[in-house]
Amino acid sequence: MPNRLFWAILVCLLAFNSSFSQPPKPNSAEIFADVQKLNFLGSVLYIAAHPDDENTRLISWFANEKKARTGYLSLTRGDGGQNLIGPELRELLGVIRTQELIEARKIDAGEQFFSRANDFGYSKNPEETLKIWNKDAVLSDVVYLIRKFRPDVIINRFDHRTPGSTHGHHTSSAMLSVEAFDLAANPKIYPNQLKLAQIWQPKRLYMNTSWWFYGSKEKFDKADKTNMTQLETGVYYKSLGKSNQEIAALSRSSHKSQGFGNTGVRGEDSEFLEFLKGDRPKQKTDIFEGIDTSWNRVKGGKAIGEILAKVEKDFDFRDPSKSIPDLASAYDLIQKLDDEYWKNLKSEEIKNVIAACAGLYLEAVSADAEATPNSSVKLKIEAINRSQIPMQLNSITSFPSSMSTMQVTELKANEDKTFDTALELPSDLSYTEPYWLSQKGTVGMYRVDDPKLIGNPDITRQVKVTFHIGIGNTTIPFERTVVYKYNDDVKGEVYEPFDIVPAVTTSILDKVAIFGDGKPKKISVKVTSGKNNVSGNVALEAPKGWKISPVSNAFNLARKAESTVVTFEVTPSVNAEEVRVKSIATVDSQKLDKERTAISYPHISKQQVIKDAEAKFIRLDIKTGKEKIAYIMGAGDEVPNSLRQMGYDVVILSPSEINAERLKDFDVAMTGIRAYNVVKELEFKQAALLDFVKSGKTMIVQYNTLDDLTSKEMAPFPLKLSRDRVTEEDSEVRFLDPKSPILNYPNKITKTDFEGWTQERGLYYPNTWDKAFSPVISSNDKGEAAKDGAILVAKYGNGHYIYTGLSFFRELPEGVSGAFRLMANMISINN
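Analysis parameters
- Residues numbered from 1 in each chain as written.
- Predicted model: local features only at pLDDT ≥ 70, side-chain atom pairs only at ≥ 80, totals over all residues.
- Heavy atoms only, no water.
- Helix = DSSP H or I, 4+ residues; strand = E, 2+ residues; numbered from the N terminus.
- Rg over C-alpha atoms; globule rule 2.2 N^0.38 Å.
- Contact = heavy atoms within 4.5 Å.
- Areas by Shrake-Rupley, 256 points an atom, 1.4 Å probe, with all protein chains shown as cover.
- Lys, Arg positive; Asp, Glu negative; His and termini not counted.
- Charge placed at Lys NZ, Arg CZ, Asp CG, Glu CD.
- Pairing = 2+ DSSP bridges.
- Right-handed = clockwise from strand over helix to strand, strands pointing away.
- Expected span 1.5 Å × (residues − 1).
- Buried < 20%, exposed > 50% of the residue type's maximum accessible area, 1.4 Å probe, protein only.
- Axes fitted to C-alpha atoms, helices over the stretch in contact; angles between N-to-C directions.
- Parallel < 35°, antiparallel > 145°, perpendicular 65-115°, else oblique.
- Left-handed = near helix turned anticlockwise from the far one by under 90°.
- Nonpolar A, V, L, I, M, F, W, Y, C, P; charged D, E, K, R; others polar.
- Core = buried A, V, L, I, M, F, W, Y, C linked by side-chain atoms within 4.5 Å.

Caption draft 1: Molecular detail of the overall build of the protein chain. When its secondary structure is counted, the protein chain shows 18 helices and 43 strands. By the compact-globule yardstick of 28 Å for 831 residues, the protein chain fits well, its C-alpha radius of gyration being 29 Å. Seen along its three principal axes, the alpha-carbon backbone of the protein chain occupies a region of about 85 × 75 × 55 Å. In the protein chain, the share of contacts with a sequence separation of at least 24, taken over all contacts with a separation of at least 6, comes to 75%. Only carbon and sulfur atoms are counted for the fraction: they give 48% of the accessible area of the protein chain, which is about 34700 Å². Looking at the protein chain, you have 107 positive and 109 negative side-chain charges, and the mean spots of the two groups are 1 Å apart.

Caption draft 2: The pairing of strand S3 (residues 111-114), seen in detail. As paired strands, strand S2 (residues 69-74) and S3 are joined by 4 bridges and run parallel to one another. Directly across from Leu-73, in S3, lies its bridge partner Phe-113. For the crossover that starts at S2, traverses helix H4 (residues 90-108) and ends in the parallel S3, the hand is right-handed.

Caption draft 3: A look at helix H16 (residues 682-694). Taking 1.5 Å per residue as the helical rise, H16 with its 13 residues ought to reach 18 Å, and the 18 Å between its terminal C-alpha atoms agrees with that figure. Residues of H16 that are buried: Leu-682, Lys-685, Gln-686, Leu-689, Leu-690, Phe-692 and Val-693. Immediately beyond the C-terminal end of H16, within one or two residues, lies Gly-696, with a positive phi of roughly 115°.

Caption draft 4: Main features of the packing of helix H10 (residues 302-314) against helix H11 (residues 324-334). Put simply, H10 and H11 touch, their axes get as near as 9 Å, and they point 160° apart. Viewed along their axes, H10 and H11 adopt a mutual orientation that is roughly antiparallel. Our pair here, H10 against H11, has a crossing hand that is left-handed. Across the interface between the two elements, Ala-303, Ile-304, Ile-307, Leu-308, Lys-310 and Val-311 from H10 touch Asp-326, Leu-327, Ser-329, Ala-330, Leu-333 and Ile-334 from H11. Of the residues contributing to the contact of H10 with H11, the split by class is 9 nonpolar, 1 polar and 2 charged.

Caption draft 5: Structural view of the environment of Leu-327. Position of Leu-327 among the secondary structure elements: in helix H11. Here the alpha-carbon distance between Leu-327 and Ile-354, two residues 27 residues apart in the chain, equals 6.7 Å. Leaving out residues up to four positions away in the same chain, Leu-327 has contacts with Leu-38, Leu-308, Val-311, Ile-350, Val-353, Ile-354 and Cys-357.

Caption draft 6: Focus on the nonpolar core. Counting 74 residues, the largest nonpolar core has Leu-643 and Ile-791 as its most contacted members. It is helix H18 (residues 817-827) that provides the largest number of residues to this core, a total of 7 residues. In this structure Leu-643 touches Ile-629, Tyr-631, Tyr-648, Val-650, Met-670, Met-823 and Ile-827, once residues within four positions along its chain are discounted. Counting residues in each nonpolar core, the second largest holds 55 residues, with Ala-330, Tyr-331, Ala-355 and Val-377 among its members.

Put into structure tokens, the structure is as follows:
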């Protein structure tokens, strides 16, 4: 197994995040597998649309059984999905899902890539998808990744021939792959890419088909398979003690935000590849047929292959370090290759093998978790050679300053060398942030101005140290990213990324502020220091007509990461309007207008997103009641904060608190998104909730999916959920019951209230319901039948039960005015 595979699996089993740790050196079996991989020069690129679309069984099999370089190109980062583990949506969810894919690849030994396409939400056809994405831009990314990765074989997850039968993103990913397969070898296509990559023609293209595409296993069993290759992927890896399927399940389970925990299986297993185009192999079981996967495919590679074959043949499992002299010789020859692709790729692979054989531990640790540009960072450098092979540390080069320190030190066997140094950070050093979020893009595309970054999976970290290690007459550079680590009393040694942050960040605590009555409102701004001893002033910048008092607030923060909260009184404009307001700190005449958002979950590495510090203020014509709301959180959303902004008293109830005595204090009970999917206790609390409605109160249930419902009796009368959704956020809305109080009281709802919605109207609407329910509105995507299940209202006892599939969880946090007015009417239905 590749060494990262063993330790990533161990990490998963321990449920411990080590994304930035340097794991213990692999055992001899893992090292030997990496030596074998050095000798295999074939590659496979798997292409689909989203995180979690990939077939981890196939990726693991190619990477670990065939020893092929195996990549997954996900066209998007999954920004448009839902989030089962927290409130993050859109770009922040994309950051989480990016890291989940990176963790998945650590487990199944694949590599991860992305295009600039933004997951704008569910799309019902590829025509819409490619229009919003900007087809030419995404196609150019696919061509570039093919030229950069140079796959011998491309495998599509989806069928390019069936538009409209699945998610438009899915079909589009396959269509673009099929087109790019022919374009990548044409030098006239996207010629500017040839400054960074060479033209490339993959040998063949497949689709990873399965019974799912045929509707049932029975239909697939009867299907004509003369154009298919069957791969036996149910491999048991003896050195690891796990099956290929078990590894794939661990990888699949990395997608925790989507609830894709997976149980591994054992035994025989097959995958099917349908041949689409290229050079058709004669032996269907070998997709690499006719492709030279040895070192002979590279000019000057024959001698390298002979050395590495000897290393593989003579490998000593008791003492892998005996291979180092030959590996160093092979490294020297690799440096002489003319082909930069193979030179760069195999240099990194063989360096990892050499370090593993030697037990070579190299690390640069910052004394602090973060620093600001134009500051000095204290580093602890550690180097230890745990083999009998003579080595020396010749020098250390730090980046981004490119400063070299001569540090000629003999690395004797198992003698730990540590020393302290200081790293000066330049004043123009960029903040640590996802590169695809550093500039404003469009609904369908991220903006990435540096073409060298296109396709890269992760944040580009600029603060690094290169150790120049001498082995005989060979000097090998080993690059290490600077990290931060500390000891936790429970977890022990904990690694975190080292981040570059602004000197001061600010955050308007209410991202959407509702001014419904024209009266002044207190607005709080949090100010956080990125360095010691920082002082200045913070102000709110608002459009004309809005009054801010005071003009600015002073702050003085003595320690790094210290925060304070200042308050402004904001008086809205006379006219109804939506405005963007920014918070700006001034420190030593420098304007700092950024907000720092931290994302921290145990299954991914800690992330930070730097964005403009702003909020939406809405002078809104809205009337609300005095209802007290019990909110039962589901998968996670920001709706309670939005309700509080509307002036409601909102209390989040835990499932254990749902009983008649506790509920009598409230007027409305509201469940968060997917509550009936994720809150198991609701099965036993439903009677109390329905009794609450019968007593004269209101219950509002937000959308749930069809899968894993905790209770089949979610409503007082029968209703059946479906996959119906309206994805066109500007679709026409028709009023089915114009006299419904939901459309009339306390706010008169008009078509204007459905303008400016984001991403979609709603999802997972019921498609059948009891006659006790009254549908309120109707809408549909172009060319489809009407969807009437967006809001269903039923009188039950003396109260009202409302089921809604409308995307309030998206619209309210985005400050969509009409969504607030509609929600207020639903809450007040009993008045």
